[in-house]
Amino acid sequence: MRVFDRNFIRADGISRKATGVSRSSKHARAAMCVPDLGEGEGTFRLFVEGDVLFDEMIAAIERATRDIRMESYIFAADEVGARFVAALAEKARAGLDVRLHLDAFGAGQRNFRRLRHELKQAGVRFRWFRPFSLLHPLRYLQRNHRKLLVVDGREAFLGGFNIRRLNSRRLHGETRQRDTHVRVAGPLVELAVRHFERLWLDAGQLPASAIPDDTKGIEGLLVPSYSRLCRKRLACLHAGLIEIAQTHVYLTSPYFSPGTVVDRALQAAARRGVDARLLVPRRSDPPVAGWATRAAYAHLLSAGVRVYEYLPRQLHAKTSVIDAAWSIVGSANLDYRSLFINQELVLIARDRTLAEQLQAQYLGDLAEAAEITQPAWHRRGLRARGLEAIGWAARRLL
């Protein structure tokens, strides 16, 4: 068996042939970052509604017979959070090994104390990810932005959904947040366990996995933001897929940082004739993140990238579809913090069914979005240009 890093082409010793890109082509550099995967169909389950996802996650917890591992950036002390606490506590009282790892910034609200007390009383093993420390203040800058649930080493859920009522149509109504999650099974679940354990111990090294040397029979891989060999893993992965695109690139992200390798790859793809599109929200939270995203528009539009702003509700999904064959779903925004600072986790898959489902969802989202045209963008006022300048200056802090 090899470590997870070695499933990545060239940089880690695996065959360079998997992506179907000639080593003499101009896309050769990108092939170094794209995993050698087999082609699958129907391996993963996609979720785009919080109520459906939460029901399925709770059902998985209730089916657990051995252990449960869960981590989240936001875990609100509301009806949804209380429901998960009750389910986790019940399993802990039944003697299962239940662990909950929450980000100290994203989930560390005062009103979470009652739920934490309930977890502790039930025997749930609870841990904050990097609470503020005067001895190591800079460590607080890196947050655990991942969302992961692993049950019995049998099934895992990951993506963009936080645990809160904002994602529930039943509780929040039609203005619920728009997000995406995915369920995985099989050998990837053991890898999910190992990723959880690394952050649970706050270890600096990515552990060895049980993924076999030959990954051509595996339709997907779980990719963290850091590894021993590359601290820009997600940026390289996204740029690599964009650079080998033949027909289209459909990206969804709440935030998009100008000037990154992903930005440059998207522009280059459009210039060579790929249908390159970016979907972002019309209203960003915080607003300065939206200003930073809009600072990228001028160069994107000039290169031929089609940019859309989602209108009906808050957009929080982070997905990519390349050539209706490759997909990325996970916690990582296409901004500086997710690509280079925070702890993130994504699924990259070469599964036709998942890609088609994501593409259909993407086109449906575009029907509820406004396209930003180059003539209209050139007519924007001085105030908008000034806010973009602020966003550009702050892009590495967001």
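Whatever comes next refers back to the structure up there.
Residues numbered from 1 in each chain as written. Predicted model: local features only at pLDDT ≥ 70, side-chain atom pairs only at ≥ 80, totals over all residues. Heavy atoms only, no water.

J.: Is there a simple way to think about the sheet that holds strand β12 (residues 319-322) in this case?
T.: Within a sheet, adjacent strands bond to each other through the backbone by hydrogen bonds, running parallel or antiparallel. Strand order in this open sheet of eight strands is β8-β14-β13-β12-β9-β10-β11-β15, and the pairing throughout is mixed. Two strands bound the open sheet, and with one partner strand each, they are β8 (220-224) and β15 (369-372). The sheet shows a mean angle of 15 degrees between the axes of neighbouring strands, direction not considered. Here strand β11 (residues 306-310) pairs with β15 via four bridges, running antiparallel. Paired with E309 across the bridge in β15 is A370. (Pairing = 2+ DSSP bridges. Helix = DSSP H or I, 4+ residues; strand = E, 2+ residues; numbered from the N terminus. Axes fitted to C-alpha atoms, helices over the stretch in contact; angles between N-to-C directions.)

J.: What should I look at first to understand the packing of aromatic side chains in this one?
T.: One pass over the full model with this rule turns up 13 aromatic pairs. Both rings, one in F54 and one in F161, keep their centres 6.3 Å apart while their planes meet at 75 degrees; by these two values the pair is edge-to-face. Here F54, found in helix α2 (residues 50-63), pairs with F161, found in the loop between β6 (155-159) and α5 (169-172); they are 107 residues apart in sequence, far enough to count as distant. The residues F54 and F161 share a single accessibility class, namely buried. Arranged with centres 4.9 Å apart and planes meeting at 0 degrees, the rings of Y250 and Y362 form a pair that is stacked. With Y250 in strand β9 (residues 248-252) and Y362 in helix α12 (residues 352-366), the pair connects residues that are 112 residues apart, well separated along the chain. Both residues of the pair, Y250 and Y362, belong to the buried class. One aromatic cluster in this structure is built from F75, F112, F126 and W128. A cation sits over an aromatic face here: R127 above W200, 4.2 Å from the ring centre. It is R143 that lies over the ring of Y140; its NZ or CZ is 4.5 Å from the centre. (Phe/Tyr/Trp six-rings, centres within 6.5 Å; stacked < 30°, edge-to-face > 60°. Buried < 20%, exposed > 50% of the residue type's maximum accessible area, 1.4 Å probe, protein only. Lys NZ or Arg CZ within 6 Å of the ring centre and 35° of its normal.)

J.: In this structure, what is going on with α12? I would like to understand it.
T.: When the terminal C-alpha atoms of α12 are compared, their 21 Å separation across 15 residues agrees well with the 21 Å that a helix rising 1.5 Å per residue should span. Here α12 has its buried residues at L354, A355, L358, Q359, Y362, D365 and L366. Down the axis, α12 shows its buried residues gathered within 130 degrees of arc, on one side only. Sitting at the amino-terminal end of α12 is D351, which places a side-chain oxygen 3.1 Å from the backbone nitrogen of T353. (Expected span 1.5 Å × (residues − 1). Arc of directions from axis to C-beta. Polar contact = N/O pair within 3.5 Å; in protein donor to acceptor, adjacent residues only side chain to side chain.)

J.: Would you explain the packing of helix α3 (residues 79-93) against helix α4 (residues 113-122) in this entry?
T.: Axis angle and axis distance: for two packed helices, these are the angle between their axes and the distance between the axes, and together they describe the pair. Relative to each other, α3 and α4 sit at 10 degrees, their axes nearing to 8 Å. As far as their axial angle goes, α4 and α3 are roughly parallel. Remark: the crossing between α3 and α4 carries left-handed chirality. Here G81, A82, V85, A86, L88, A89, A92 and R93 of α3 lie close against α4, whose contacting residues are L115, E118, L119 and A122. When its residues are assigned to classes, the contact of α3 with α4 shows nine nonpolar, one polar and two charged. (Parallel < 35°, antiparallel > 145°, perpendicular 65-115°, else oblique. Left-handed = near helix turned anticlockwise from the far one by under 90°. Contact = heavy atoms within 4.5 Å. Nonpolar A, V, L, I, M, F, W, Y, C, P; charged D, E, K, R; others polar.)

Everything listed here is a matter of geometry and, on its own, says nothing about what the molecule does.
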